[in-house]
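Each chain, letter by letter, is given below.
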Amino acid sequence: MAALGSPARTLRGLLRELRYLSAATGRPYRDTAAYRYLLKAFRAHRVTGEKLCRAQHELHFQAATYLCLLRSVRQHVALHQEFHGRGERSLEESAGLVGLQLPRQPGGKGWEL
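Residues numbered from 1 in each chain as written. Predicted model: local features only at pLDDT ≥ 70, side-chain atom pairs only at ≥ 80, totals over all residues. Heavy atoms only, no water.

S.K.: Teacher, can you tell me more about the overall build of the chain here?
M.R.: Secondary structure assignment for the chain yields four helices and zero strands. Of the regular secondary structure in the chain, the N- to C-terminal order runs α-α-α-α. Carbon and sulfur atoms form 58% of the exposed surface of the chain, whose accessible area is close to 9600 Å². (Helix = DSSP H or I, 4+ residues; strand = E, 2+ residues; numbered from the N terminus. Areas by Shrake-Rupley, 256 points an atom, 1.4 Å probe, with all protein chains shown as cover.)

This is the structure we're talking about:
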């Protein structure tokens, strides 16, 4: 597994994801129970003078895992909204989804003489 980084960076990432969630609900993220719990948990598991602080590392690993889950869910919802089928699409819309353009005919729709 990749390195976890610093606990402060993980906490900032978790708070950023809480802000994204609160923007959708319209409720300030600092008023949520999740915000209070995260700050309380991170303050309780600060670095101590011990050589090995297993509880701190365990909390950091769980926080990093939860951060990964929150980011993945947010990105999944964004992708689902962008590419979710809205019924039958026209040829131009379908081509535009993948970055293509249909060729234009010089004489209009058909080449009637």
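Next, the rest of the story.
S.K.: Even after reading the chapter, I still don't get a positive patch on the surface, so can you show me in this structure?
M.R.: Taken together, Arg 9, Arg 12, Arg 16, Arg 19 and Arg 30 make up a surface patch of like positive charges. Note on placement: Arg 19 falls in helix α1 (residues 7-25). By relative accessible area, Arg 19 is classed as partly exposed at 36%. (Patch = residues over 30% accessible without salt bridge, like charges linked within 9 Å, V, L, I, M, F, W, Y side chains within 5 Å. Salt bridge = Lys/Arg side-chain N within 4 Å of Asp/Glu carboxyl O. Lys, Arg positive; Asp, Glu negative; His and termini not counted. Charge placed at Lys NZ, Arg CZ, Asp CG, Glu CD. Buried < 20%, exposed > 50% of the residue type's maximum accessible area, 1.4 Å probe, protein only.)

S.K.: Sorry, what's going on with the nonpolar core here?
M.R.: Among the nonpolar cores identified, the biggest contains 12 residues, and these are Leu 11, Leu 14, Leu 15, Leu 18, Tyr 29, Tyr 35, Leu 38, Leu 39, Phe 42, Ala 63, Leu 67 and Leu 70. Broken down by secondary-structure element, the contributors of at least two residues to this core are α1, α2 (33-44) and α3 (54-83). (Core = buried A, V, L, I, M, F, W, Y, C linked by side-chain atoms within 4.5 Å.)

Interpretation in functional terms is not warranted from these geometric data alone.
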